[in-house]
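Coordinate inspection notes
What follows is the residue order along each chain.
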Amino acid sequence: MKIQEKYIKRCIELAKNGLGNTYPNPLVGSVIVHKNKIIGEGWHQEAGKAHAEVNAINAVKNAQLLKESTIYVSLEPCSHYGKTPPCSDLIIEKGIKKVVIGTTDPFVKVAGRGIKKLMQAGCDVVVGVLEKECQELNKRFFTFHKEKRPYIILKWAQTQNGFIAPKQQDKREPVWISNKYAKQLVHKWRSQEQSILVGTQTAVKDNPKLNTRLWHGKNPVRLVLDKNLRIPEQSHLLDNSIKTIILTSVETKIPDNLKKENIKIETINFEDNLATQISEILYKHQLQSVIIEGGKQTLQTFIDANLWDEARVFTGNIRFKNGVKAPTFSAKRIGEEKIINNQLHIYKNDKNLNF
């Protein structure tokens with residue numbers, strides 16, 4: 001088992017290279033081992049392109065060795081035709097007789113069918129090696145398909161005395177609590193997740209762009225709560241440069257200036273289960289993950305509904321005399337990191353993960 005864990009661990013390392021680029025597909029890594037030596041490895045690099053198993057097989061210089069080799073893969077090989085042919089068929093075709101799999105695939109079109117196909121073809125299949133680690137790798141994919149909602153990440157920065165914003169803000173620009181390195185890290189996170197959401201107050205006071213201008217990567221879909229359509233027309237969020245979903249009241253009339261190609265309008269009831277409604281809309285738009293960036297009321301809404309999976313909290317090296325207090329919550333801290341003079345703490349909501 002230790003040998004198998006070693007190679008599945010390598011699969012996980014490879015798979016992480018695809019973070020932010022494989023949606024709606026999962027992150028998958030694969031290695032091919034012949035006589036305790038890796039002779040091929042690969043990962044799923046981008047949706048629509050070759051899967052991890054295909055890249056690993058193609059990396060093997062001597063194809064004759066495949067029949068004597070073991071293929072390791074972090075997630076069950078697919079068994080259906082999508083944008084690419086089934087990986088389980090390719091494994092069978094190449095004569096690979098030993099297959100070690102990290103975890104089964106929760107996607108309804110796979111869900112054990114790939115394993116069954118391999119076994120029926122005479123392959124020796126081992127399933128469940130570093131299973132929890134492989135599920136953690138694809139926490140977004142698993143949450144989306146099993147819970148029918150996105151993986152929800154809360155994010156905020158607070159002062160040393162627990163404020164996330166000053167009491168008064170003179171100009172329509174954000175007041176930075178965290179340093180420039182933390183800011184760049186946040187842009188990296190944005191490139192890894194499919195969407196990002198802010199409330200009306202944040203949109204009006206800070207005029208955010210919510211893009212990845214400080215990091216190379218895809219921009220997330222922007223969502224903004226705007227019950228009465230108060231956000232000024234000149235706001236960055238309404239510039240039509242990135243797909244933006246405006247969540248507004250069912251009673252609000254939609255003006256012509258918001259009827260743009262990249263702006264979508266969704267109406268919700270702001271008086272009833274707001275976090276649940278937002279999650280349902282994200283699921284409807286096939287968004288597997290979201291960063292909730294604020295403000296305080298928006299963040300607290302998700303906390304109070306116990307509808308969140310992870311919280312990433314920066315503490316800067318400044319203090320405010322007064323202001324808006326940080327959200328209150330209780331959770332297990334799973335990580336911390338010092339970013340020059342800032343501190344990052346990461347928390348996990350174990351109550352919400354059912355895989």
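Quantities reported herein were computed from a predicted structural model and do not represent experimental measurements. (Residues numbered from 1 in each chain as written. Predicted model: local features only at pLDDT ≥ 70, side-chain atom pairs only at ≥ 80, totals over all residues. Heavy atoms only, no water.)

Looking at the largest pocket, its volume works out to about 1,200 Å³. Residue lining of the largest pocket: 49 residues in total, with Q201, T202, D206, G294 and G295 positioned closest to the centre. Elements with a minimum of two residues in the lining of the largest pocket: β6 (151–158), β7 (163–166), α7 (180–192), α8 (200–206), β12 (289–294) and α10 (296–304). (1 Å grid on protein atoms, 1.4 Å probe; cavity = no way out; pocket = protein on both sides within 12 Å on 5 of 7 lines; lining within 4 Å. Points joined across faces, edges and corners; volume = space filled by probe spheres on them. Helix = DSSP H or I, 4+ residues; strand = E, 2+ residues; numbered from the N terminus.)

This part is about the side chain of T248. Structurally, T248 is set in strand β10 (residues 244–249). The buried category is assigned to T248, whose relative accessible area is 0%. A polar atom in the side chain of T248 sits 2.9 Å from the backbone oxygen of D226. The contact partners of T248, leaving out residues within four places of it in the chain, are D226, K227, N228, L229, I254, I265, E266, T267, I268 and F270. (Buried < 20%, exposed > 50% of the residue type's maximum accessible area, 1.4 Å probe, protein only. Polar contact = N/O pair within 3.5 Å; in protein donor to acceptor, adjacent residues only side chain to side chain. Contact = heavy atoms within 4.5 Å.)

Attention now moves to the sheet that holds strand β2 (residues 37–43). Here we have five strands laid out as an open sheet, ordered β2-β1-β3-β4-β5, and mixed in their pairing. In this open sheet, the two edge strands, each paired with only one partner strand, are β2 and β5 (124–127). Averaged over neighbouring strand pairs, the angle between their axes works out to 15 degrees when direction is ignored. Relative to strand β3 (residues 70–75), strand β1 (residues 29–34) runs antiparallel, the two being bridged by four bridges. When the sheet's bridge partners are listed, I32 is paired in β3 with I71. Lying over the sheet, helix α4 (residues 113–120) contacts β4 (98–103) and β5, oriented at roughly 150 degrees with respect to β5. (Pairing = 2+ DSSP bridges. Axes fitted to C-alpha atoms, helices over the stretch in contact; angles between N-to-C directions.)

All right, on to the pairing of strand β9 (residues 221–225) then. Most of β9 sits inside the fold, with five of its five residues counted as buried. Side chains V221, L223 and L225 of β9 all project onto a buried face; the interleaved residues R222 and V224 project onto the opposite face, where all are buried too. As paired strands, strand β8 (residues 195–198) and β9 are joined by four bridges and run parallel to one another. Bridge assignment links V198 to a residue of β9, and that residue is V224. In the classification by handedness, the crossover that spans β8, the intervening α8 and the parallel β9 is right-handed. Strand direction decides the pairing type here: β9 and β10, joined by four bridges, are parallel. What sits directly across from L223, in β10, is I245. (Right-handed = clockwise from strand over helix to strand, strands pointing away.)

By the definition in use, this model includes 18 salt bridges. In this structure, the salt-bridge partner of K284 is E266, at a minimum N-O distance of 2.9 Å. In this pair, K284 is assigned in helix α9 (residues 274–284) and E266 in strand β11 (residues 263–268), connecting sequence segments 18 residues apart. Judged by relative accessible area, K284 falls into the exposed class, the value being 53%. Salt bridges sharing common partners tie together E136, K139, E310, R312 and K348. (Salt bridge = Lys/Arg side-chain N within 4 Å of Asp/Glu carboxyl O.)

This next bit is on the UniProt feature "binding site: NADP(+)" (unreviewed entry) in the chain. When the UniProt feature table is mapped onto this chain, "binding site: NADP(+)" (unreviewed entry) is found at A157, W176 and T202. A maximum C-alpha distance of 13.2 Å among these annotated residues, which run over 46 residues, shows that they cluster at one spot. Narrowing the list just given to those that line the largest pocket leaves A157, W176 and T202. In this fold, W176 is placed in the loop between β7 and α7. Setting aside anything within four residues of it in sequence, one finds W176 in contact with K183 and I318. By the element assignment, T202 lies in helix α8. (UniProt positions renumbered as here; feature names shortened; annotations may be inferred.)

Glancing now at the domain arrangement of the chain. Domain boundaries in the chain define domain 1 (3–142) and domain 2 (150–348). Here the C-alpha centroids of domain 1 and domain 2 sit 35 Å apart. Contact residues are listed per partner, giving nine residues for domain 1 and 11 residues for domain 2. Each partner contributes to the roughly 940 Å² buried at the junction of domain 1 and domain 2, and carbon and sulfur atoms together form 44% of this total. Its largest share of buried area at the contact with domain 2, domain 1 owes to Y23, K139 and R140, together 56% of the area lost on that side. Viewed at the interface, domain 2 and domain 1 are joined by three salt bridges. The interface formed by domain 1 and domain 2 includes five residue pairs in polar contact (both at pLDDT 80 or more). (Domains from an automatic or database assignment. Buried area = accessible area lost by both parts, 1.4 Å probe.)

By size, the foremost hydrophobic cluster in this structure holds 29 residues, and its most contacted members are L154 and L247. Of all elements in the fold, only β6, β9, β10, α9, β12, α10 and β13 (310–315) reach the threshold of two or more residues within this core. Top element by residues in this core is α9. It accounts for five residues. The contact partners of L247, leaving out residues within four places of it in the chain, are L197, L223, V224, L225, D226, K227, E266, I268, F270, I278 and I281. (Core = buried A, V, L, I, M, F, W, Y, C linked by side-chain atoms within 4.5 Å.)

All right, on to empty space enclosed by the protein then. Applying the stated criterion across every chain, the model contains one cavity of 30 Å³ or more. In this model, the largest cavity occupies a volume close to 70 Å³. Around the largest cavity, the lining residues are L19, G20, T22, Y23, N25, P26, L27, L137, N138, R140, F141 and Q288. The class makeup of the residues in the lining of the largest cavity is six nonpolar, five polar and one charged. (Nonpolar A, V, L, I, M, F, W, Y, C, P; charged D, E, K, R; others polar.)

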